[in-house]
Amino acid sequence: MVSTPENKNYKVIGTRPIRHDGYDKVTGRAQYGADIKLPGMLIGAVVRSPHAHARIKSIDTSEAERLDGVFAVMTAKDLPRLGDVVRGNSEESGSEKHLSENVMAFDKVLYKGHVVAGVAAKDQNTAFEAAKKIKVDYEILKPVIDVDQAMSKDAPILHEDYTCDHLGKEVKNSNVAAHVRHENGDLENGFDKADLVVEKEVDMQTVHQGYIEPHSGTAVWDEEDRVKVWTSTQGSFAVRDSVSKVLDLDVSRVKVTPMEIGGGFGGKIPIYLEPISAVLSRKTRRPVKTMMSRTDVFDATGPGPGGKVKVKIGIDADGKILAAYADIRLEAGAYPEAFIEAAAKCVFSCYDVPAMKIDAYDVLVNKPSSAPYRAPASPQVAFATETVVDEICKIKGYDPIDFRLLNVAEKGTRTALGPKYRTIGLKECLEAAKKSDHWKSNLNSNPKTGKKRGRGIASGYWFNIGFKSSVNLSLNPDGKVALIEGSTDIGGSRASIAMQAAEVLGIPAEDVRPSVVDTDSIGITDVTGGSRTTYATGYAAYNAAHKLIEEIIEKAALKWDISKDQIEYSDGVVKSKTDSELKMTLKEIADDPPGGPIVSSASVDLEEAGGGFAVHIADLEIDEETGKTDVVNYTAIQDVGKAIHPSYVEGQMQGGAAQGIGWALNEEYFMSDDGVMLNSSYLDYRMPIALDLPMINTIMVEVPSEEHPYGVRGVGEPPIVPPVPAIGNAINDALGLRLLSTPMKPSRITEALKRKK
Amino acid sequence: MHPFNYYAPESIEEASKILEKYGEKAKCLAGGTDVLVQTRGEKFDLDAIVDVKKIPELTELKWTDSHLVFGAATPCYVLYEDPKVCEKFPGIIDSAFLIGGIQIQSRASLGGNLCNASPSADGICSLIVHEAICVIAGSSGLREIPVEEMCQGPGRNALENGEFLVSIKIPLKDNKFSASYERFIPRNEMDIAVAAVASSVEMQDGKVSSCRIALAAVGPTPIYAQAASELIIGKEPTEDNIKIVSEKAKEIASPIADMRGTIEHRKDLIEVLTRRTISKALERVGV
Ligand SMILES: Cc1cc2nc3c(=O)[nH]c(=O)nc-3n(C[C@H](O)[C@H](O)[C@H](O)COP(=O)(O)OP(=O)(O)OC[C@H]3O[C@@H](n4cnc5c(N)ncnc54)[C@H](O)[C@@H]3O)c2cc1C
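Keep in mind that this is a model prediction, so the values were computed, not measured.

Chemist: Can you explain the environment of A:A384? Please cite residues and give values.
Modeler: All names here are of chain A. Checked against the element boundaries, A384 lands in helix 11 (residues 378-396). Spatially, the C-alpha atoms of A384 and V471 are 41 Å apart, while their sequence positions differ by 87 residues. Those residues in contact with A384 that lie beyond four places of it in its chain are V202, V309 and V311.

Chemist: So what's going on with empty space enclosed by the protein? Residues and values would help.
Modeler: Counted according to the given criterion, the structure contains eight cavities of 30 Å³ or more. Empty space within the second largest cavity amounts to approximately 140 Å³. In this structure, the second largest cavity is lined by 15 residues; those nearest its centre are A:T629, A:L665, A:N666, A:D692 and B:P186. For the lining of the second largest cavity, the secondary-structure elements that each account for two or more residues are strand 27 (629-639) and helix 18 (646-665) of chain A.

Chemist: How would you summarise the sheet that holds strand 2 (residues 26-29) of chain B if you had to cite specific residues and measurements?
Modeler: Residue and element names in this part refer to chain B. Read from one edge to the other, the open sheet built from three strands follows the order 1-3-2, with strand pairing classed as parallel. Looking at the sheet topology across the chains shown, the edges are occupied by strand 1 (5-7) and strand 2. Taken over all neighbouring pairs, the strand axes of this sheet differ in orientation by 20° on average, direction set aside. Across four bridges, strand 2 lies against strand 3 (residues 48-51) in parallel orientation. In the sheet register, K27 faces strand 3, and the bridge partner there is I49. Set on the sheet, helix 1 (residues 12-22) makes contact with strand 1, strand 2 and strand 3; between it and strand 1 the angle comes to about 155°.

Chemist: Tell me about the interface of chain B and chain A, and please be specific about residues and values.
Modeler: Facing 23 residues of chain B, the contacting portion of chain A comprises 26 residues. If you sort the residues of chain B by the area they bury against chain A, B:R187, B:N188 and B:M259 come out on top, with a joint share of 32%. Across the chain B-chain A interface, the total number found is eight salt bridges. The interface formed by chain B and chain A contains 16 residue pairs in polar contact (both at pLDDT 80 or more). The element contributing the most residues to the side of chain B that touches chain A is helix 11 (residues 263-285) of chain B, with seven residues. Counted by class, the side of chain B that touches chain A contains 10 nonpolar, three polar and 10 charged residues.

Chemist: Mind laying out the pairing of strand 13 (residues 207-216) of chain B, listing which residues take part and the relevant values?
Modeler: Residues and elements named next belong to chain B. Taking burial as the measure, the 10 residues of strand 13 include eight buried ones, the bulk of the element. Examined bridge by bridge, strand 12 (residues 195-204) and strand 13 share nine bridges and lie antiparallel to one another. Bridging from a neighbouring strand, A198 pairs with A214 of strand 13. Hairpin connection of strand 12 to strand 13: two residues between the antiparallel strands, including D205 at a positive phi of 50°.

Chemist: Go over helix 10 (residues 340-347) of chain A, please, and point to the residues and values.
Modeler: All names here are of chain A. Among the eight residues that make up helix 10, six are buried, leaving the element largely enclosed by the rest of the structure. Within the span of helix 10, buried status applies to I340, A342, A343, A344, C346 and V347. Against strand 9 (176-184), strand 15 (307-315), strand 16 (321-333), strand 17 (355-364), helix 11 and strand 18 (451-462) lie the buried residues of helix 10.

Chemist: With reference to specific residues and values, describe the layout of surface pockets.
Modeler: All names here are of chain A. Approximately 1000 Å³ is the volume attributed to the second largest pocket. Forming the walls of the second largest pocket are 46 residues, and the residues nearest its centre are F265, R374, I490, G491 and Q652. Put simply, the parts of the chain that give the lining of the second largest pocket at least two residues each are helix 15 (493-505), helix 16 (533-560) and helix 18. If you tally residues by element for the lining of the second largest pocket, the top one is helix 18, at seven residues.

Chemist: Pulling in residues and values, what's your account of the pattern of salt bridges?
Modeler: Tallied over the entire structure, the rule returns 72 salt bridges over all chains. B:E264 serves as the salt-bridge partner of A:K754, at 2.6 Å between the closest nitrogen and oxygen. Pair noted here: A:K754 is in helix 20 (residues 746-756) and B:E264 is in helix 11, and the two residues belong to different chains. B:E264 sits in the partly exposed class, given a relative accessible area of 39%. Sharing partners across several salt bridges, the network here consists of A:D623, A:E625, B:K243, B:E247, B:E271, B:R275 and B:R276.

Chemist: How would you summarise a negative patch on the surface if you had to cite specific residues and measurements?
Modeler: Judged by side-chain charge, B:E10, B:E13, B:E14 and B:E57 come together as a negatively charged surface patch. Among the secondary structure elements, B:E13 is positioned in helix 1.

Chemist: Can you break down the packing of aromatic side chains residue by residue, with the values?
Modeler: For the structure on display, the rule yields 16 aromatic pairs over all chains. Note on A:W462 and A:F463: the rings are 4.0 Å apart at their centroids and 25° apart in plane angle, and the pair reads as stacked. The exposure class of A:F463 is buried, given its relative accessible area of 9%. Where B:Y80 meets B:F97, the ring centres are 4.8 Å apart and the plane angle is 85°; that geometry is what we call edge-to-face. With B:Y80 in helix 3 (residues 76-80) and B:F97 in the loop between helix 5 (90-96) and helix 6 (102-105), this residue pair connects regions lying 17 residues apart in the sequence. The class for B:F97 is exposed, based on a relative accessible area of 53%.

Rules of the game
- Residues numbered from 1 in each chain as written.
- Chains lettered and ligands numbered in written order.
- Predicted model: local features only at pLDDT ≥ 70, side-chain atom pairs only at ≥ 80, totals over all residues.
- Heavy atoms only, no water.
- Helix = DSSP H or I, 4+ residues; strand = E, 2+ residues; numbered from the N terminus.
- Contact = heavy atoms within 4.5 Å.
- 1 Å grid on protein atoms, 1.4 Å probe; cavity = no way out; pocket = protein on both sides within 12 Å on 5 of 7 lines; lining within 4 Å.
- Points joined across faces, edges and corners; volume = space filled by probe spheres on them.
- Pairing = 2+ DSSP bridges.
- Axes fitted to C-alpha atoms, helices over the stretch in contact; angles between N-to-C directions.
- Buried area = accessible area lost by both parts, 1.4 Å probe.
- Salt bridge = Lys/Arg side-chain N within 4 Å of Asp/Glu carboxyl O.
- Polar contact = N/O pair within 3.5 Å; in protein donor to acceptor, adjacent residues only side chain to side chain.
- Nonpolar A, V, L, I, M, F, W, Y, C, P; charged D, E, K, R; others polar.
- Buried < 20%, exposed > 50% of the residue type's maximum accessible area, 1.4 Å probe, protein only.
- Patch = residues over 30% accessible without salt bridge, like charges linked within 9 Å, V, L, I, M, F, W, Y side chains within 5 Å.
- Areas by Shrake-Rupley, 256 points an atom, 1.4 Å probe, with all protein chains shown as cover.
- Lys, Arg positive; Asp, Glu negative; His and termini not counted.
- Charge placed at Lys NZ, Arg CZ, Asp CG, Glu CD.
- Phe/Tyr/Trp six-rings, centres within 6.5 Å; stacked < 30°, edge-to-face > 60°.

Shown next, in the form of C-alpha cells:
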C-alpha cells in the first residue's frame with residue numbers, strides 16, 4: 001500500500017498490544033455509569049408520557065410527596081426557562097430551550113417516553129412507586145409519525161413557536177425545521193444529455209444504536225452551588241456544556257466525571273438524566289442517581305433517523321455520470337437536527353459528479369429526538385445512491401466495481417458542499433475489492449438446498465471530524481509515562497492514543513499508562529465521536545510526547561551542564577551526541593530531575609481528517625419459502641489511513657458492518673398509529689446476534705491522511721454506510737427484487753416474491 | 001413492586017396449602033425464567049412466590065411401563081442430556097434444546113413453559129403432538145388432563161385456585177413413532193416464534209396410523225390442528241398427501257398481525273413448517 005508521511009518503520013504503531021483497560025473490563029472491575037455509589041445516595045425515577053403528542057394541562061405531585069421514603073419531587077418548573085439560543089457543539093446543535101425541554105417537557109410532550117416529572121427516594125422501589133403516584137392531566141393531540149405525514153398540508157404542528165429556515169426564509173407553523181439546498185453545475189443540461197437516467201426512492205426506518213449499557217446520571221449539588229456529575233458519556237465536556245446550560249450555571253461550576261462507557265455509537269452524546277439528578281440533589285442536598293431501563297432507552301433516547309431519500313442519476317453512453325439529484329427527508333424526531341448537512345455531504349461522496357443538486361429537509365415528528373448514530377445520515381442516503389448505481393449497472397451490464405472506478409471520487413474531486421478532496425483512498429478500496437478472494441470466489445459453491453444465493457456490493461463515506469483535544473504527560477520516577485486525556489474510551493482509544501505517544505518516545509505501549517479524567521483535570525476535549533479520537537486526541541498525544549522529549553533534553557542539559565543541541569533522544573535514552581559517557585535512561589533522568597518533574601501538555605483544534613471510504617461485499621442465502629435471509633460471506637474493505645492498533649480497526653469495521661446488517665435485515669421502530677414504539681425490548685427489536693453473522697472479513701487499505709503525522713483518518717463510521725445497500729443489491733441479485741424499504745425482513749421478501757409471480 | 005414472601009415447600013400437600021391461601025396473589029416458581037422477568041416487569045402484583053423445585057416429584061424423571069414421566073420443574077438440559085429421552089422422543093428434544101440458550105435451558109422447564117401458556121411457547125406444541133398428559137395437584141388430590149386442554153388464552157391456564165402442575169406424562173408407543181418441532185424466527189437464536197409447528201407420525205404397514213399437528217403463535221393459544229392431522233391418517237405419506245395436510249393447517253391458523261409478523265406471512269409459514277416437520281418426523285421413523 002501507500003507509504004505513510006513519516007515513512008519509517010514503526011516500533012509501536014501497527015502492533016497489537018493488550019489494551020490498557022482490558023483486564024478491568026473482562027474481570028468486571030471497570031465501573032460503568034450505574035456502578036457509582038456515593039454516601040447517602042438517593043435513587044431518582046422519572047415519570048414519562050404515555051402519549052406521543054399531548055399538551056400538559058396539570059401535574060399533581062402531592063400524593064407522591066406524601067409517600068414514605070420520598071425526599072423530593074420535581075417538574076420542568078424547577079428548571080430555568082431558557083431562550084432560543086443556538087448552541088455550537090461539535091456534533092449537536094439546536095436551541096437551549098429545546099435542550100432543556102427534551103430533558104423535561106414544560107408544556108407539551110412530543111414523544112412517548114418524554115419525561116414530565118422526577119422524584120428522589122430512599123430506594124428504587126420507593127422511587128418507582130412514587131413516580132406512579134404523580135398524576136399528569138394531558139390534552140391528547142394527534143401524533144405525527146413519519147416524514148410524509150409531517151410534510152402534508154393539514155399535519156399537526158409540533159412546535160407552534162419555532163422559526164423554521166426554508167432556504168433562508170423564516171417560516172412559522174411548519175414541521176420542516178430546515179430545508180437546505182446545495183447546487184453546482186448545470187443539472188438540467190446533464191440530465192438532458194444523459195443516455196440513461198435512473199431514479200429510486202428509499203424508505204428508511206428509525207433505528208436505535210443499541211448500546212448495551214442504558215443511560216444513567218448521578219449528581220451532587222453542593223452548598224456552594226457546585227454540581228458534580230458522574231455519567232457514561234461520549235463527551236464529558238459536552239455533558240458539562242449541556243448540563244451547565246440547562247441549569248443556567250457557569251461551566252466552571254459543573255464538574256463531569258466520565259465513567260466507563262458500555263457503548264454509544266453517537267447516542268451517548270446528548271444528556272438526559274444528569275440535570276434531573278442535579279435538581280433533585282439541589283432539593284435534597286444528597287447525591288441522586290437516576291437510571292433508565294432498556295424500554296426507556298428505546299422510547300426516549302436518540303435513535304438514528306428514519307426518512308425518505310430519492311436519488312436520480314444520469315449517465316452518458318460511456319457510463320460517465322453527468323448529473324445527480326437528491327431529495328432527502330429525514331426525521332429529526334421531536335426537536336430539530338437530523339444531520340441533513342451531513343446527508344448532503346455524503347449522498348454523492350463516492351462519485352465524481354459534474355452537476356448536482358441536493359435538497360435536504362429536517363423534519364419534525366413525534367419520535368424521540370434523533371441523536372448521532374455512527375456516520376449520522378450517511379447510511380440513509382447511501383441506500384438510495386448505491387441502489388441507483390447498482391440498477392444502472394444491471395441495466396447496462398456494467399461490472400459494479402468498474403463502473404465505480406470509472407466515476408470514482410479522488411484527490412481534487414469537487415464535493416457537494418464545495419471543497420475539493422485532499423488525498424483519499426476510495427479508488428484503492430475498489431481495487432482491493434476487485435482483487436479480493438471474496439469477489440473472485442464462486443458465489444454458488446455449495447448452497448443449501450432450495451435456497452437462492454446473491455451477491456451485492458456497495459461503497460460508503462464518512463468525513464471524519466477534527467476539533468479540540470488535550471493531553472497531559474508526566475514522566476514517573478520509574479521511567480514510565482502517565483498520559484492524561486479527556487476522550488472517553490469506547491472502542492480502544494486509550495490504547496490507540498497511548499501507542500502514538502509511545503511511538504514518539506520509542507518505548508513500549510505498556511509503558512504509557514493512559515487515564516481518562518474529569519473535566520477539571522484536563523483541557524477541553526471534544527466528544528468521542530465523528531471518528532475523531534485516535535486522530536485528534538492522538539495528535540495531541542503526539543505533540544505532547546514531542547514536548548516531553550524537549551523537556552527531557554532540557555533537564556539533561558541542566559544536569560550535564562552542556563548545551564541542549566549537543567543532546568539527542570531516542571528509544572527511551574537521552575545521550576550526548578559527542579560524549580558517550582553521558583547517557584541516561586528515562587528512569588535515570590526521571591529520578592530527581594533538576595528544576596522539577598518532567599511534564600508536558602498539548603492541545604489541538606483540527607480540521608477534518610480527510611474522508612474515510614469503505615466498500616463492502618455481501619453474499620446472501622435466501623429461503624424463498626420463508627423469506628429468511630442468511631449472510632453467508634461478508635467482506636469489509638476500508639481506507640483506514642493508518643491502522644494504529646489493527647485489531648481495533650478490524651473490530652470497528654466488523655462492528656459497523658454488523659450494525660448495518662441489522663438495519664438492512666430486521667431492525668426498525670415498529671410504531672402503533674398512536675406513535676408508540678411496540679417493540680421496545682431486545683426480544684423484539686431484532687439486532688443481529690452472533691449466530692446471524694458470518695466471520696466478517698476485513699481488508700485494511702492504508703492511504704494516509706495528509707492531516708496527521710501518522711496518516712490516521714478515523715475508522716469507526718464508514719463501515720456502517722455500505723451494508724444496507726450491499727444487502728439490498730444482493731437480494732436483487734438473488735431474487736430479481738428491488739426492496740426499497742428497510743428492514744428487508746422475511747415478510748417483505750415473501751410478499752415481493754408473490755407480487756413478482 | 002413491593003416486598004413479597006418466598007416459600008420453598010418440600011411436599012405436594014404443603015405447596016397446595018400455600019397456594020390455596022394466597023390464591024391469585026401467589027405464583028409458582030420453577031426455573032423462574034418467565035415468572036421472575038414478569039414479576040420485575042410488574043405484570044402481576046404478588047404476595048408470595050412458591051418455589052416448587054424442592055418437591056421431589058417436581059424434578060423426578062422416570063420410565064413406567066406405559067409412560068415417560070418427568071416432573072413439571074425438570075430443567076430442559078436434564079431432558080436433552082438423557083440419552084434415552086433423546087432416542088425415544090427427539091421431538092421433545094427439539095423444543096427443550098430451542099428454549100433460550102444454555103443458561104436458560106439450565107433453569108427453564110417444560111412445565112413452566114406450559115403453565116405460562118404463551119401462544120408462542122416452544123414447548124407446548126411438542127407436548128401436544130406427543131399426546132402428553134398433565135398431572136395436576138390440588139387440595140382434593142391429583143387429577144389428569146390432556147395437555148391440549150391446559151392453555152385457555154394468552155397467559156391463562158386450566159389450573160384452578162390452589163392447583164399446580166406436578167408432572168408431565170408422555171405415552172410410550174408400540175409402533176414406529178417420531179415427531180419434530182420447528183419454529184420460524186427472523187434471526188437464528190434468542191428470538192420468539194413468528195410461527196411454529198410440531199408434527200408427529202406413527203407408521204404401520206407403510207401407512208400413517210396416527211398423526212398430530214400443533215401450531216404456535218397463530219392463535220390465542222397453541223392449537224391442536226386435529227382436522228389437519230386426520231387428513232393423512234390411513235394414507236401413505238406422499239408429498240401430495242403432506243401438502244393436503246399442510247394446506248389445511250394453514251387454513252386452521254388464525255394469527256394476528258403484530259410487530260413479529262403479518263397475518264399472511266404467518267399463515268404461509270404454517271404451511272411451510274407443517275410440510276417440513278412432517279417430513280422430518282417421517283425421516284426420523286425411517287421413511
Ligand atoms: C432469555 C430468555 C430466552 C427465552 N427463550 C425462550 C424460547 O426460545 N422459547 C420459549 O418458549 N420460551 C423462552 N423463554 C421463556 C421461558 O424460558 C420458558 O417459557 C420456560 O420454559 C419457562 O420455564 P420456567 O421453568 O423458567 O418457568 P417459570 O418462570 O418458573 O414459570 C412460568 C410460569 O408457570 C408457572 N409455573 C411454573 N411451574 C409451575 C407448576 N409446577 N405449576 C403451576 N404453575 C407453574 C409460574 O407461576 C409462571 O407463571 C425465554 C426466556 C428468557 C428469559
